[in-house]
Every structure is written in C-alpha cells, then in structure tokens.
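As a plain string of letters, each chain reads:
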Amino acid sequence: MPEPDPSVLARRGDIIATMRDILPAPGAVITDADSLRPYECDGLMAYRQLPMIVVLPETVQQVAAILKYCHDTKIRVVPRGAGTGLSGGALPMADAITISMMKFNRVLEIDWDNRAITVQPGVTNLGITRAVEHRGFYYAPDPSSQIACSIGGNIAENSGGVHCLKYGLTTNNVLGLEMVTITGEILRLGGKALDASGYDLLGIITGSEGLLGIVTEVTVRILRKPETARAMLLGFNSSEAGGNCVAQIIAEGIIPGGLEMMDAPAIRATEDFVHAGYPLDVEALLLVELDGPKVEVDYLIDRVGGIADGCGAVYARISETEEERLLFWSGRKNAFPAIGRISPDYMCMDGTIPRGRLAEVLTGMQVLSQRYGLRVANVFHAGDGNLHPLIMFDANQPGELERAEEFGADILRLCVAVGGCLSGEHGIGVEKRDLMPEMFTEDDMKHQERLKLAFDEDQLLNPGKVFPVLHGCGELKTLHARSVADKFPDIPRF
C-alpha cells in the first residue's frame with residue numbers, strides 16, 4: 001500500500017474540524033480508535049488498517065463538499081459501502097478519509113410503468129426486492145451476501161449471484177446512476193431510456209471499484225417474478241461428471257435461472273449447517289433452477305433430467321413447493337458461513353474459467369491442496385464458470401495464512417492459464433492487485449490507468465487498489481505508435 005503522507009497526518013486535527021463543519025450531525029465524524037475499529041477491514045479480514053477518520057454523509061451535497069475539500073488539499077479518500085466485499089476494496093488507509101455511504105439508505109422512486117426503481121447506494125441488494133415484491137417484481141442479481149451487501153457496493157464490484165447466468169450481472173441491470181467526482185462535480189449517467197448517446201460511462205463506472213468517483217444514486221431494472229420456478233438437485237460420483245453435465249445443459253441451448261455446483265466438502269458442511277436435504281454420498285451436487293411459464297418449466301425439467309441421466313447422475317430430486325425450492329437455495333446461499341463452522345479461518349477466492357475446462361481446474365485445485373497442505377471446498381456459479389474456492393486455514397498457526405495466500409494466487413494463475421480471468425464478481429481490490437500482470441501486459445494496464453487519471457488525476461480515490469504499480473500523468477501521456485504497429489502488424493497504416 002502507498003506510504004502514509006506525514007503532512008496529512010500532521011493536519012489531522014484541522015481535517016477533523018473541517019469535516020465537522022461539513023457534517024454537523026452528531027456521530028457523523030468518527031475519530032476515536034474504538035469507534036474506528038469496525039471500519040478497519042471489509043470481508044477480506046486478513047488485511048486490516050485503522051482509517052485516519054470515518055465520515056458518514058447524508059446528502060449528495062455533503063459528499064461533493066467532502067470530495068472537493070480532499071481534492072483541493074490532496075487528501076486520499078476510501079469509499080465504503082456495507083463492508084461485505086471480499087477483495088479488500090474498502091481497506092482503509094492511515095492517512096485517508098473513509099467515506100461510509102450507509103446513511104444513503106432510502107428508496108427514492110418506484111416506476112412501475114418503466115419497470116425501474118431508484119434508490120440510494122446504501123440500500124441493500126435484498127432491500128430492493130423487498131420494496132417491489134408486493135406487486136410481483138424483484139431485482140435479479142442476488143449475491144450470497146444480498147441480505148447485507150449494498151447496491152452501491154454491487155456497482156463498485158459488478159456483483160453477480162446465483163441468477164446471473166440468465167439475468168445478468170449488476171452491469172446488465174443498472175439503468176442509470178448519479179455520482180460525484182473527486183473535484184466535487186455531480187454527474188448523472190444513463191437513465192430509464194433504452195440507451196444513452198455518447199461514451200458508455202455507465203459501463204465504465206460499474207465495476208470500477210471506487211477508483212473513479214462515489215455513487216450517490218442508482219436506478220436499476222426490476223423484473224416480473226416468473227410464473228413458475230422449480231429447483232432440481234442432481235448428484236454425481238465425481239466433479240468431472242457434474243462439470244460435464246453443466247456443459248451439456250448449456251450446449252443443448254438451455255439457460256437455467258440458476259446453475260450452481262458444490263463439491264463433497266461443501267455439501268457436507270452446508271447440510272450440517274442448514275439441513276437443506278442435500279445428499280451426503282455424492283462427490284458433486286448441481287442445483288439447477290428452471291423458471292418461466294409452467295408448461296415450459298415442466299418440459300425443461302424433463303430435458304435436464306435426461307441430460308443428467310446421460311452424464312451419470314446418481315441422485316435427483318425436484319422441488320415440489322415454493323418452500324422446498326427456497327430450502328434448496330438456502331443451503332447454497334449459506335455455504336460460506338457453513339465453512340466457517342468447520343475451519344477457524346477461510347479465504348474465499350473468485351476466478352472465472354471457460355465451462356469446458358471445469359473438470360481440469362478442479363483437478364488442478366486438488367493437486368494444489370495437497371501441495372500446500374490446506375483443505376479447499378468448492379462452491380461456484382457453474383453455469384458461467386465463476387469459481388469460489390474456499391481455502392481453509394488457521395491464522396493462529398505460523399505460516400498458514402501465507403500458505404493460504406500462495407494457494408489462492410496459484411488458483412487464480414490456473415484460471416488465467418486456461419483462458420479465464422482473475423475475478424468474476426468480487427473485484428481486484430488488494431487481494432488480486434499484484435496478480436494483474438498475470439492477465440494484462442504493462443501496456444494494457446497503462447491504458448486502464450489513463451482512464452483512472454482522466455477521472456482522478458492526483459490518484460486520491462481508493463489508492464493502492466487494482467493497480468500493482470502506480471504511474472504519474474507524465475509517464476502515461478504518450479502512446480507510442482511504433483509499439484502499437486509492432487503488436488498489431490495487420491492493421492493498415494495511413
């Protein structure tokens with residue numbers, strides 16, 4: 001992480017006084033160590049740092065005033081949502097102001113005609129569905145942490161969830177947003193219209209991990225709840241057979257509402273915790289949800305059942321009631337805390353691979369597990385190849401945390417080697433920052449940094465995240481045509 005700026009630390013008293021002028025509400029400026037402690041990390045608890053101060057604004061004008069002050073006085077800023085992120089994206093800095101957006105927690109408008117809802121960024125993911133479900137609507141992206149994670153954090157990381165295979169990630173469901181730049185300018189991007197002219201700034205901000213601005217308002221698409229939804233549990237004697245079934249379902253042109261997979265360690269830990277009715281004598285379990293008109297769902301259940309039989313399924317169970325369907329899903333959504341019951345610590349990884357390489361990668365992870373002497377349980381969005389290996393370790397045992405980090409890095413290198421990428425939905429943050437060269441060339445990363453600098457020339461927003469090496473504006477101003485010509489010799493030159 002960047003070294004703290006002594007000149008900023010020396011001004012801490014003045015900074016606190018200015019923040020209290022901007023935020024006069026009691027408790028809006030947090031300064032004492034005990035009260036700062038809950039903000040020292042996000043869901044990646046291996047890395048901790050007390051922030052210099054934490055502020056909790058309530059209006060967009062307050063956010064703009066804070067950012068303008070930070071820009072003018074060269075103070076770093078760390079945006080923070082609910083703190084459920086798993087890549088260290090909200091890790092504080094000792095010389096930075098952490099801006100918590102959790103007082104932005106109101107639903108602003110529900111537009112039933114345009115099937116859209118506008119909320120503040122502190123509203124939880126599940127809170128959006130709760131606001132519209134009384135009229136048969138819901139918000140599709142549903143991360144496992146949806147009961148707690150904020151929609152603003154979902155925007156930052158481009159979160160997915162178990163239903164993203166059919167209904168898309170956050171970026172596919174965001175229509176518009178309001179954001180504040182580091183200079184204090186308030187921008188509106190996108191809206192309820194089908195498409196916006198000009199550059200796709202909305203697409204740039206979604207998934208930008210707090211490096212380009214702070215989102216203060218979000219408009220997302222809501223969907224009509226399907227007429228019918230049923231879930232299938234399909235068990236296999238090997239992960240390879242389960243992976244082959246996933247590939248075959250997609251190859252047949254069937255796009256389930258959700259298509260998840262768990263291996264034996266995850267199945268057993270989850271069933272012991274939730275009692276969802278999972279079979280304990282299989283090595284891999286698929287959870288397949290099919291939704292739509294009843295006649296379509298019934299037809300697809302028969303087709304998926306036939307595919308599973310052909311792939312060697314040894315267990316099959318179909319939900320008969322809505323309560324049973326939700327029970328099946330409760331196991332999957334509680335898989336992470338279930339692992340927490342059987343291991344003092346665990347690290348949740350997040351890489352994405354081509355579906356056809358699933359069996360190969362799972363086998364590779366078992367080899368790595370033996371090499372590092374650490375257990376791993378696999379829970380993942382099998383339909384789109386987004387893996388979530390859970391590496392179990394005990395941080396109190398010397399060297400185990402370091403081995404877990406090395407194990408996780410090798411898993412991500414394996415994902416990239418087979419044609420995948422470093423992240424599916426958790427983001428890069430600090431966890432994967434130093435692995436970026438595994439996926440991108442230096443020129444690739446410099447282009448990304450140029451975009452960052454267009455929004456934040458002084459690199460004050462969420463520094464130390466995503467980019468392993470920071471370059472100044474002067475270093476990035478020139479793009480040499482010769483290097484482009486060498487890399488792409490077939491492009492005509494004029």
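Draft legend 1. Here's a closer look at unusual backbone geometry. At Asn158, a position not held by glycine, the phi torsion is positive, near 55°. Topologically, Asn158 is positioned in the loop between α6 (151–157) and α7 (164–167).

Draft legend 2. Main features of the packing of aromatic side chains. Taken as a whole, this structure holds three aromatic pairs when the rule is applied. With centroids separated by 5.5 Å and ring planes inclined at 15°, the aromatic side chains of Tyr372 and Phe407 adopt a geometry described as stacked. Of this pair, Tyr372 sits in helix α14 (residues 358–372) while Phe407 is found in helix α15 (residues 400–417), placing the two residues 35 residues apart along the sequence. Take Tyr372 and Phe407: they sit in the same class, and that class is buried. Positioned above the aromatic ring of Trp112, the side-chain terminus of Arg135 is 4.2 Å from the ring centre.

Draft legend 3. The environment of Pro389, seen in detail. Among the structural elements, Pro389 can be located in strand β19 (residues 386–393). On the basis of relative accessibility, which here comes to 1%, the residue Pro389 falls in the buried class. Sequence separation of Pro389 and Leu91 is 298 residues, and the distance between their C-alpha atoms is 22 Å.

Draft legend 4. Local environment of helix α5 (residues 125–132). The element α5 is largely enclosed, with a buried count of six among its eight residues. For α5, every residue scored as buried is listed here: Asn125, Leu126, Ile128, Thr129, Ala131 and Val132. For α5, the secondary structure elements touched by its buried residues are β5 (107–111), β6 (116–119), β7 (137–138), α6 and β10 (214–221).

Draft legend 5. The packing of α14 against α15, seen in detail. Two numbers describe how α14 lies on α15: the axes approach to 10 Å, and their chain directions differ by 155°. With respect to each other, α14 and α15 are oriented roughly antiparallel. Crossing of α14 over α15 shows right-handed handedness. Contacts from Val361, Gly364, Met365, Leu368, Ser369, Arg371 and Tyr372 of α14 reach α15 at Arg403, Glu406, Phe407, Asp410, Ile411 and Leu414. Tallied by class, the residues present in the contact of α14 with α15 amount to seven nonpolar, two polar and four charged.

Draft legend 6. Quick peek at the pattern of salt bridges. Applying the stated criterion across every chain yields a total of 32 salt bridges. Between Arg413 and Asp410 there is a salt bridge, with the nearest N and O atoms lying 2.8 Å from each other. Note that Arg413 and Asp410 are positioned in helix α15 at a spacing of three residues, about one turn of the helix. The exposure class assigned to Asp410 is buried, which follows from its relative accessible area of 17%. The partner of Glu438 in a salt bridge is Arg413, and the shortest N-O contact between them spans 3.2 Å. Taken as a pair, Glu438 in helix α16 (residues 436–439) and Arg413 in helix α15 lie far apart in primary sequence, 25 residues in all. Residues joined by salt bridges that share partners form a network here, namely Arg230, Lys294, Asp298 and Glu320.

Draft legend 7. Seen up close, the state of the cysteines. Scanning all chains against the criterion turns up zero disulfides. Summary of cysteine pairing: Cys149 is not part of a disulfide, and the nearest cysteine sulfur, belonging to Cys164, is at 13 Å. What makes Cys149 buried here is its relative accessible area of 3%. No disulfide involves Cys245; its nearest neighbouring cysteine sulfur is the one of Cys311, lying 4.5 Å away.

Draft legend 8. Just the sheet that holds strand β3 (residues 76–80), in detail. One open sheet holds the four strands; their spatial order is β1-β2-β4-β3, and the pairing between them is mixed. Edge positions in the sheet fall to β1 (29–30) and β3, since each has one partner strand and no second. Across five bridges, β3 lies against strand β4 (residues 96–100) in parallel orientation. Each residue of the ladder has a partner; that of Arg80, found in β4, is Ser100. Against the sheet, helix α2 (residues 12–22) engages β1, β2 (53–55) and β4, with an angle of about 10° to β2. Strands in contact with helix α4 (residues 60–73) are β2, β3 and β4; relative to β4, the strand with the most contacts, it is inclined by about 165°.

Draft legend 9. Examining the pairing of strand β8 (residues 174–180) more closely. Burial within β8 is extensive, with seven of its seven residues counted as buried. Alignment of β8 against β10, held across six bridges, turns out to be antiparallel. The partner of Leu177 across the bridge, within β10, is Val218. Of the pairings in the sheet, the one linking β8 to strand β9 (residues 186–190) comprises five bridges and is antiparallel in character. The residue of β9 that forms the bridge with Leu177 is Leu189. Here β8 folds back onto β9, and the loop between the two strands holds five residues, one of which, Gly184, carries a positive phi near 90°.

Draft legend 10. Representation of the nonpolar core within the structure. Counting residues in each nonpolar core, the largest one holds 78 residues, and the members touching the most others are Leu290 and Ile391. Top contributing element to this core by residue count: α15, with eight residues. Apart from the residues within four sequence positions on either side, Ile391 is in contact with Asp345, Tyr346, Met347, Met349, Leu374, Arg375, Val376, Ala404, Phe407, Gly408 and Ile411. Formed by 29 residues, the second largest nonpolar core is a distinct cluster that contains Leu23, Ile53, Leu67 and Leu461.

Draft legend 11. The arrangement of the packing of helix α9 (residues 239–251) against helix α11 (residues 294–310) in detail. Here α9 crosses α11 at 140°, and the two axes come no closer than 9 Å. Taken together, α9 and α11 sit at an angle that is classed as oblique. Between α9 and α11 lies a crossing of right-handed hand. Contacts from Cys245, Gln248 and Ile249 of α9 reach α11 at Val304, Ile307 and Ala308. Its residues assigned to classes, the contact of α9 with α11 comprises five nonpolar, one polar and no charged.

Cut-offs and rules
- Residues numbered from 1 in each chain as written.
- Predicted model: local features only at pLDDT ≥ 70, side-chain atom pairs only at ≥ 80, totals over all residues.
- Heavy atoms only, no water.
- Helix = DSSP H or I, 4+ residues; strand = E, 2+ residues; numbered from the N terminus.
- Phe/Tyr/Trp six-rings, centres within 6.5 Å; stacked < 30°, edge-to-face > 60°.
- Buried < 20%, exposed > 50% of the residue type's maximum accessible area, 1.4 Å probe, protein only.
- Lys NZ or Arg CZ within 6 Å of the ring centre and 35° of its normal.
- Contact = heavy atoms within 4.5 Å.
- Axes fitted to C-alpha atoms, helices over the stretch in contact; angles between N-to-C directions.
- Parallel < 35°, antiparallel > 145°, perpendicular 65-115°, else oblique.
- Left-handed = near helix turned anticlockwise from the far one by under 90°.
- Nonpolar A, V, L, I, M, F, W, Y, C, P; charged D, E, K, R; others polar.
- Salt bridge = Lys/Arg side-chain N within 4 Å of Asp/Glu carboxyl O.
- Disulfide = S-S within 2.5 Å.
- Pairing = 2+ DSSP bridges.
- Core = buried A, V, L, I, M, F, W, Y, C linked by side-chain atoms within 4.5 Å.

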